[in-house]
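# Coordinate analysis (summary)
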Amino acid sequence: MTESDAFRSNTRAWLEANCPPEMRQPMRSEEDACWGGRNWTFASDAQRVWLERMVERGWTVPHWPKEYGGAGLSPAEAKILKEEMARIGARNPLYSFGISMLGPALLKFGSEEQKKRFLPEIARGEIRWCQGYSEPGAGSDLAGLHTKAEDKGDHWLVNGQKVWTSYADKADWIFCLVRTSTESKQGGISFLLFDMATPGVSTKPILLISGNSPFCETFFDDVKVPKDQVVGQVNRGWDVAKYLLGHEREMIAGMGLGGTGGTLGAALKPDDPLLRAEIAAFDVDALAFAAMSERFFEMFKAGEAHPASPSMMKYAGTELNKRRHELIMAGGGSDALEWDSERSKGGKAARDWLRTKANSIEGGTSEVQLNIVAKHILGLPGA
Amino acid sequence: MPLLNDDQKMLQETAASFLADEGGPAKQLRHWRDTGCTDGYGTALWKQFGELGLTGICIPEAQGGLGLGSVEAALVLEEIGRNLTPSPFLTTAVVGARAIEATAHAERWFPGILSGEAVFALAVDEGPRHGPDRVAMTAERRGNGFVLNGQKQFVVHGNSADMILTIARTAGSPGEREGLTLFAVPRGAGDLESATLADSSKAARLTFSNVEVDADAVVGEVDGGWEPLNRALNSGRAGAAAELVGVAAGATAMTVDYLKQRKQFGKLIGEFQALQHRAAHLYGEIEIARAAALKAAELLDSGNEKAELMVAVAKAKAASVARLAVQEGVQMHGGIGMTDEHDIGLYMKRDAVLGELFGDVYYHRNRVAELSSY
């Protein structure tokens, strides 16, 4: 037996023994996702137990070093764990922007003190993070942001407003882009971490077309932030921001993969020949994209991926996800239009469909991704 | 899917430099087209494929080949597509070799394939659209052999082939996969009408009227022809997908270069966002099509149960992406793209033929639906 076979069989045995049966059921709604944090209420005992057991093993962040709460797994081992979890349909024990976005940035740019302070509590799901990037006047032109942090000697004084802050009303801490200099656009931005409970921070949920409010407006009014909570160098936060955006785009691109296994056509069983044809065309694109995701993962691991390639993946994955939900709506007919009935699980199909429209806006619009590919990969002039 | 290993990368580099040097339109496609070559490809170049060992990719080592597989064939075919190289590589070294592997025909034909001398063609389609299970051509037992009656079309390289793999019905009726038998029909059997296709390649229409073949012409089992046929077709579809990726990539590279050279309104046209976004979209689609083609090849090589589904995905995806690439290519080149002098139009014509070969985008989308039970 090779080492990886041994790892696989141990992993399989552990998952069999430790993943509660309820956590092997597909998620019924967003409420089934465990986000952790100071104020988290577990939806069930099984959800709590599953998180605790995975945390103990370092498997909420299997590839992070052990000293930061991970398990120090190699990419190959992490992949095996992922496959074995998928095999039994195990739910992700912890959804976390700390894991998917801030963590990688801290690992690359954070000081040793910052890593020791913030990473373990992310791994354990104790602190829930939100991302303060976009502003009312800085969307696609993110570097045009105005929220400022003034150096007051022993602290930063933050004033300004963020928008589209996902789950800001539920988050414990924020990683935030702030202007620390007006001398240069990208070169005057710093990457700041602070507690959302700090006096002067307030949030206001935004009601979206889906009827849900996953995003907030976030206001900073004379917020005092300790000096040691800048990640990387002052005025060099754009480097951190871009690196983190790459990870965010990868995560969003994953939406292109949709659910586990099976084609959309197999799920919808369309009886209209023209709809069937459109779904088949979609399934071709979706299965091809799944092959690309797998290849992208391998290329990324091997350092062979172009640094701008997450933009290509994000664009393709999100456009695909929007198409998927258009087809789900078409396949569902008038059933899919019900907005709040029990039968429709509270309008899940329609609300999910509307939610996907943000996929090609959040984390950089499709148009911004195409600009990046045109400039950095194709080398087109003036892009 | 694992990335390419060092041997595969070396093979890719060998094929890339060989075909860039020797396989481009000036030396091959245009040359043979404009000199009225009846084969539609260069026999000397085909021998060079043999000398480099490329024709032995799908032939087992024990029989003198490289003992590699569809992934390696895909690497070569992408370069063939990029350079628009007319060559019997796909029909012979991939489809032909796969059809006769582990049969009595292997010993007879492998040496000729290895040396780059033998050429094979596959005769499947009987109407203008692909439909291998709709075969109506008959093969009736007579004496020690069979009598063939029926007709075939779109037999690529059929007019220069030493052997034409021909599928005919020994039992059952059109629409059934049972009762088909694959025959190795030697050159000269049946009436042959040569047709030049849009991309200047040659395909044959064949008419068989009471043509007798020996019993040993059967490839595999009588009534069991679907198995070798499907194996050969799937390797051909995965190969055509890879070649289409090459066509798409070649056309797009040429187009992106043009965007960086051509000036209008006092600017390089590549500065216009209307063109940038289309080019960037195309880039991503080509990457995705390549991933699908390689995945299909890999699943074929490992005998994975999902191979057939992924082959259909790869052919459908690569065909639609290459179609987009050549259309955008001609459009973005503007007037010069409409001229015979410029190579971008050659990509459009090559894509048209490859897209149709072994089933077009609609055929394979339908396969994806069928294989997913909807």
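Residues numbered from 1 in each chain as written. Chains lettered and ligands numbered in written order. Predicted model: local features only at pLDDT ≥ 70, side-chain atom pairs only at ≥ 80, totals over all residues.

What follows deals with the overall build of chain A. Secondary structure summary: chain A contains eleven helices and eight strands in total. Relative to the compact-globule value of 21 Å for 383 residues, chain A shows a C-alpha radius of gyration of 21 Å, a close match. Oriented by its inertia axes, the alpha-carbon framework of chain A measures out at about 65 × 50 × 45 Å. Of the contacts made within chain A by residues no fewer than 6 positions apart, 69% connect residues no fewer than 24 positions apart. (Helix = DSSP H or I, 4+ residues; strand = E, 2+ residues; numbered from the N terminus. Rg over C-alpha atoms; globule rule 2.2 N^0.38 Å. Contact = placed C-beta atoms within 7 Å.)

A separate point is the confidence of the model for chain B. Scored by pLDDT, chain B has a mean of 97; 99% of the residues are at 70 or more. ipTM for the predicted complex: 0.96, alongside a pTM of 0.93. (pLDDT = per-residue confidence, 0-100.)

Turning our eyes to something else, we now look at the domain arrangement of chain A. All names here are of chain A. Structurally, chain A comprises domain 1 (3-106), domain 2 (129-235) and domain 3 (240-377). Using C-alpha coordinates to define each centre, domain 1 is positioned 23 Å away from domain 3. In this assembly, seven residues from domain 1 lie in contact with ten residues from domain 3. Of all elements in the fold, only helix H3 (75-87) and helix H4 (97-109) reach the threshold of two or more residues within the side of domain 1 that touches domain 3. Broken down by element, the residue count for the side of domain 1 that touches domain 3 peaks at four residues, all from H4. Taken together, the residues of the side of domain 1 that touches domain 3 sort by class into five nonpolar, two polar and no charged. (Domains from an automatic or database assignment. Nonpolar A, V, L, I, M, F, W, Y, C, P; charged D, E, K, R; others polar.)

What follows concerns the nonpolar core. Membership of the largest hydrophobic core comes to 161 residues, with the highest contact counts inside it found for Ala293, Ala296 and Val313 of chain B. Among the elements that make up this core, the one with the highest residue count is helix H7 (residues 226-259) of chain B (17 residues). Ignoring sequence-local partners within four residues, the contact set of Val313 of chain B consists of Val284, Leu287 and Ala288 of chain A together with Ala292, Ala296 and Val368 of chain B. Judged by nonpolar contacts, the second largest core, of 64 residues, contains Cys130, Phe175, Val230 and Ala241 of chain A. (Core = buried A, V, L, I, M, F, W, Y, C linked by C-beta atoms within 7 Å. Buried ≥ 20, exposed ≤ 12 C-beta atoms within 10 Å, placed from the backbone.)

On to the interface of chain A and chain B. With 36 residues of chain A at the interface, the matching set in chain B holds 33 residues. Of all the elements in the fold, those that place two or more residues in the side of chain A that touches chain B are helix H7 (264-268), helix H8 (273-301), helix H9 (309-332) and helix H11 (366-377) of chain A. If one sorts the elements of the side of chain A that touches chain B by residue count, H8 of chain A sits on top with 16 residues. Here the residues of the side of chain A that touches chain B sort into 24 nonpolar, three polar and nine charged.

Another aspect to go through is the environment of Ala102 of chain B. Looking at the secondary structure, you find Ala102 of chain B in the loop between helix H5 (89-100) and helix H6 (105-114). Residues Ala102 of chain B and Val245 of chain B, spaced 143 residues apart in sequence, show a C-alpha to C-alpha distance of 30 Å.

Another point: the domain arrangement of chain B. Residues and elements named next belong to chain B. Structurally, chain B comprises domain 1 (6-119), domain 2 (122-223) and domain 3 (227-371). Taking only C-alpha atoms, the centre of domain 1 and the centre of domain 2 are 23 Å apart. Contacts between the two partners involve 19 residues from domain 1 and, on the opposite side, 17 residues from domain 2. Those elements giving two or more residues to the side of domain 1 that touches domain 2 turn out to be helix H2 (29-34), H5 and H6.

Residues and elements named next belong to chain B. Compared with an ideal rise of 1.5 Å per residue, which puts 13 residues at 18 Å, helix H10 (residues 344-356) spans 19 Å between its outermost C-alpha atoms and is within 8% of the ideal. Of all the residues in H10, the buried ones are Ile344, Leu346, Tyr347, Met348, Arg350, Asp351, Leu354, Gly355 and Glu356. Those residues of H10 that are buried are in contact with H2, H7, helix H9 (307-333) and helix H11 (361-371). Phe358 lies just past H10 and shows a positive phi near 60°. (Expected span 1.5 Å × (residues − 1).)

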